[in-house]
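The residues making up each chain are set out below.
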Amino acid sequence: MLQKIQKIENKTVELLVALLACLPLAVKILQDFFHVTVLDSEAVLVNLIFVFSCFAGIVTYQKNKHLSLASLLDNARPEVKNVFSKIRTFAVCTVLTAIFFDSLCQLVNPVQLQTTIWGIRLQYIFAFLPLCYGCLIVFSFKENKLYAVLGLVLGILISTGTIAGVLYYVFKLENTSFLYSISDAWISISGILILPLVLFFIALAFIGVPLFIVISGISYIAFSQAGGYVDVIPLETYRILTDNSVAAIPLFTIAGYILSKSSAGKRFVELFDALFGWFKGGTVVASVLVMAFFSTFTGVSGVTILALGSLLSFILTGSGYSQDKAESLVVSCGALGLLFPPSVAIIVFATVNYFSVDVIQLFVAALIPGLIMSLSMILFGIFYDKRKVRPEFSLKKIILAVKNSIWELLLPCIICISYFAGFFDLFQVASFAVLYSFCIATFIRKDFTFSEACTIIDESVPVSGGVLFILGSAVGLSYFMLDADVPGTLTAIITSYVTNKFVFLMLVNILLLIAGCLMDIYSAILIISPLLIPLAESFGISAVQTGVIFLMNLSIGFLTPPIGMDLFIASYTFKKPVGKIIHGVLPFLLVQFAVLLLITYVPWFTSVLLH
């Protein structure tokens, strides 16, 4: 029965990906070449992304792939693990129940989501959100039924206000004062215990609770103690997941995943080896460029390390690298693509701070810092190239390698030219990337059969699903902080103690490095960046420079001990203890930090291309 359900889920996701890859381009063709206006096409497409996000969340939860910090309990005794497993199940079920009723209340609210697109009420599309949370509640019962029930009961108790709303909207029941009494008690308790409760949820993050649960729990407490206005949370989730820019995120992720699983990585390695392998450090250049290209699409989720780490470390060992140094270089380059278009992180940052930053400006501003960071990894990596015998320069070999990788080389060229020239918008170029990479891998290179390619798309869903759910949960907390004028309060406090711009920048770097190793980059963008931009502007630092500094810090944070996410991904990929990975990465990390200081204190590098 479970296998049948999973098969239905996979086929639904595949259909949604197919629609998202084809419809934007079909609409573009109809409008530009046949002058046929497709009404509400953009609204339809972003709502398809919302439906995809809900299904992706279900699939991601089933496969236990939601983004979380590395658990501190990995090496704990079984009895300790058992206790914390019960706490985890209880907390997860409580939060899921609360946000389920919250979203259900907005679904049945007659004044919400009454617009129609193509004859379908948005209310029916929004229904996928409570459906998603309901499925996650059911799945949480698999871990520990008793503590799941206890979490369900507590979740119902703290949701009595929204349950009263549901009863009124659906059945017109007005005599629910006892429910409001319980709700008022919860509001009072959340106000008194807000600090212990927030610290409790932060602690949950360190025992492996998914980050979207942690952030949703903190958001729910914040809105509860402010008067119980929790209805904002699901509405903000819907808003962010139907944003045109956010819609591009899962598509770029899927395209990158397909490419990383295909022969594209091997072809790029052969090409760059032919171009650079004949001189000292040539294989280092090849490896860094390949990592930068693929991590541009797959983001800093570690997919590139997982997919190409073994191949690139094998090539580097052939250049005289020790196994440890080869693996350290690969791991250190796992987030370089963050600073190059069409980086998902840049898209998210610009979307969250759309009043302050333009996405194209941020793409341009990050180019030189990205190139310097990549060059620093190349130059530092060359010191470890001990290869005695190198192949001779061969123009024939280069031409053959270019010919063999021409289809893969065309993809970044088409993406950059079509987007920056204004031919495609961000959603359309992401759709093109999926369709193009799928066709190359399946029909031109024949790396996979059609069925195998669909399976790879299924495998990519937890990667994009984890990112989307983080965005959906973090935007509520971001809304609360902006509504409570936390940026203004924070600015007033900090500027009263810190008056020197350079001291402020150093404090920002320290804060963001800590955030980078404790949080995933997307929740950090949603929660921290709206606070940071006004602060930086009070010191005369532009929002664009702040954005580049922010992204560089967060990318380095993924390598920062003790709990940078890429350290654990590398440990899994190369089957080595985390301590050994940290030891190998440290020299590269220090170089990246030096580059970060250069970009931080010399704003020319981020502004020169904007003038």
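As the structure is a computational prediction, the values presented were derived from the model and not from experiment.

A. A look at the side chain of Ser190. Within the element layout of this structure, Ser190 appears in helix H8 (residues 177-192). A polar side-chain atom of Ser190 sits 3.2 Å from the main-chain amide nitrogen of Gln225. When sequence neighbours within four positions are dropped, the list of residues in contact with Ser190 reads Leu197, Ile221, Ser224 and Gln225.

B. View of the environment of Thr162. With respect to the secondary-structure elements, Thr162 resides in helix H7 (residues 160-171). Taking the relative accessible area as the measure of exposure, Thr162 reaches 10% and is therefore buried. Sequence separation between Thr162 and Val352 is 190 residues; the distance between their C-alpha atoms is 28 Å. If we skip the residues at most four places from it in the chain, Thr162 touches Phe101, Asp102, Cys105 and Val230.

C. H8, seen in detail. Helix length check: H8 (16 residues) gives 23 Å between terminal C-alpha atoms against 22 Å at 1.5 Å per residue, within 8%. Buried within H8 are the following residues: Leu179, Ser183, Trp186, Ile187 and Ser190. All buried residues of H8 project into a common sector of 100° when viewed along the axis, lining one side. For H8, exposure combined with an orientation more than 90 degrees from the buried face picks out Phe178 and Ile192.

D. Layout of the nonpolar core. Residues Phe52, Leu96, Phe252, Phe504, Ile521, Phe550 and Leu551 are the most contacted members of the largest nonpolar core, which totals 211 residues. The element contributing the most residues to this core is helix H22 (residues 450-483), with 15 residues. Leave out the neighbours within four places in its chain, and Phe52 touches Val13, Leu16, Val17, Leu20, Pro250, Ile254, Val461, Ser464 and Leu468.

E. A look at the pattern of salt bridges. Evaluated as defined, the whole model comprises seven salt bridges. We note a salt bridge from Lys266 to Glu270, for which the minimum N-O separation is 3.8 Å. Of this pair, Lys266 and Glu270 both sit in helix H13 (residues 264-276), four residues apart, which is roughly one turn of that helix. Overall, the relative accessible area of 38% leaves Glu270 in the partly exposed class. With its nearest N and O atoms 2.9 Å apart, the salt bridge here joins Arg445 to Glu408.

Reading the values: rules and limits
- Residues numbered from 1 in each chain as written.
- Predicted model: local features only at pLDDT ≥ 70, side-chain atom pairs only at ≥ 80, totals over all residues.
- Heavy atoms only, no water.
- Helix = DSSP H or I, 4+ residues; strand = E, 2+ residues; numbered from the N terminus.
- Polar contact = N/O pair within 3.5 Å; in protein donor to acceptor, adjacent residues only side chain to side chain.
- Contact = heavy atoms within 4.5 Å.
- Buried < 20%, exposed > 50% of the residue type's maximum accessible area, 1.4 Å probe, protein only.
- Expected span 1.5 Å × (residues − 1).
- Arc of directions from axis to C-beta.
- Core = buried A, V, L, I, M, F, W, Y, C linked by side-chain atoms within 4.5 Å.
- Salt bridge = Lys/Arg side-chain N within 4 Å of Asp/Glu carboxyl O.

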